[in-house]
Amino acid sequence: MALRLVQLRMADGRRTLSACDGQGAPFEVNGVPTSYELARLALADGVSLPDAALARKGVAVDLGQALEEGRILPPIDHPDPAHLYLTGTGLTHLGSAEGRDKMHKAAADGATTDSLRMFQMGVEGGKPADGRPGAQPEWFYKGDGSCLVPPGAPLLSPDFALDGGEEPEIAGIYLIDGDGVPRRLGFALANEFSDHVTERGNYLWLAHSKLRQAAIGPELLTGPLPDDVQGVSRIVRNGDTLWEKPFVTGELNMAHSIANLEYHHFKYGLFRRPGDIHVHFFGTATLSFSDDVSLIDGDIFEISAAPFSLPLRNPLGRAAPAQTSVLPL
């Protein structure tokens, strides 16, 4: 059974965890305020995450009101944000190479770009049928739990950024168990917020362009991800739709299998440390940047897709300048 888990603050300020199986009203998970704690209880009890939630079914929760009032939190976090990793893979979706190749073509002086070559490697070897590791995808680091933004909160570009743009996609959510085994908790809608102007300047600046905030949620969907996920990415300015485009994800629309992307992330021992949380972004083929859309502070990113019942919305903002001078001690 698939459940949707939502973390929120109640009107009285306390944290709580709600769950919904799609059959009835969302309910409070009694005595368990976070997805992280529920997952650890499920491991201890030897049961699935949905069963752990259903065994603690409490009173009904009005998620619509909580969303309107800005009380929804990311669907996963960690008591110590340094133990939550934000990472991702790119060039994973059929069609995803077109925009990236266009960004990097000038730097390649007309030659075939590294982006296009890596994409082709995924098309040819990203879904091995024999269970062995397939082609290695592009991989990047985004930050830790301090970079995770709740639904409704601004996604802030650093003051030095050249751009702040959306990347509508799906993220996998994982807990590393006591034996160092990654345990997939489920999936969430995600906005893998990036600086595409910086990336376009030189593809070796990809790492710089990805060190940004990101938003996921509102829901954590337990169980498998459907093979074909159809969604819509939208930019809203002053209440009007500035740009809108469908996006597709799920393995039917991907050059890599999710299992292959997971293998190439968790093959590193650093990423199998017991107790850590991983939020891993699976990539996209749809960007407003590719359509030459220029965004301004206050524009709202909106991402929606079945089987998720709630959209992910975040306005664009800009952070104040930070003190970055190094002082001797």
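The structure this text deals with has already been given above.
Let me sum up the structure you'll find in this document.

Counting residues in hydrophobic clusters, the biggest one holds 31 residues, and the most contacted among them are Leu38, Ile76, Ile216 and Val279. The leading source of residues in this core is helix 1 (residues 35–45), at 4 residues. If we ignore the near neighbours within four places in the chain, the residues touching Ile76 are Gln7, Ser35, Tyr36, Leu84, Leu148, Ile173, Leu185, Ile216, Leu220, Ile277 and Val279.

Our focus in this paragraph is the packing of aromatic side chains. Across all of its chains, the model carries 6 aromatic pairs by this definition. Ring geometry for Tyr268 versus Phe271: centroids 6.3 Å apart, planes at 80°, classification edge-to-face. A relative accessible area of 42% means that Tyr268 is categorised as partly exposed. A relative accessible area of 7% places Phe271 in the buried class. Among the aromatic residues, ring-to-ring pairing joins Tyr85, Trp139, Tyr268 and Phe271 into one connected group. The side chain of Lys210 reaches across the aromatic face of Phe140, ending 4.6 Å from its centre.

For the coordinates displayed, the defined rule picks out 20 salt bridges. In this structure, Glu262 engages Arg184 in a salt bridge whose closest nitrogen and oxygen atoms are separated by 2.9 Å. Placement of Glu262 in helix 8 (residues 258–266) and of Arg184 in strand 10 (residues 182–191) is noted, with a sequence separation of 78 residues between them. Judged by its relative accessible area of 13%, Glu262 falls in the buried class. Relative accessible area serves as the criterion here: at 42%, Arg184 is assigned to the partly exposed category. Here Glu192 ties to Lys210 by a salt bridge, and the two come within 2.7 Å at their closest N and O atoms. Note that Glu192 is positioned in the loop between strand 10 and helix 6 (196–201) and Lys210 in helix 7 (residues 206–210), a separation of 18 residues in sequence. By the burial criterion, Glu192 is buried, and Lys210 matches it. Through salt bridges with shared partners, a single ionic network connects Lys142, Glu167, Glu192 and Lys210.

Rules of the game
Residues numbered from 1 in each chain as written. Predicted model: local features only at pLDDT ≥ 70, side-chain atom pairs only at ≥ 80, totals over all residues. Heavy atoms only, no water. Core = buried A, V, L, I, M, F, W, Y, C linked by side-chain atoms within 4.5 Å. Buried < 20%, exposed > 50% of the residue type's maximum accessible area, 1.4 Å probe, protein only. Helix = DSSP H or I, 4+ residues; strand = E, 2+ residues; numbered from the N terminus. Contact = heavy atoms within 4.5 Å. Phe/Tyr/Trp six-rings, centres within 6.5 Å; stacked < 30°, edge-to-face > 60°. Lys NZ or Arg CZ within 6 Å of the ring centre and 35° of its normal. Salt bridge = Lys/Arg side-chain N within 4 Å of Asp/Glu carboxyl O.

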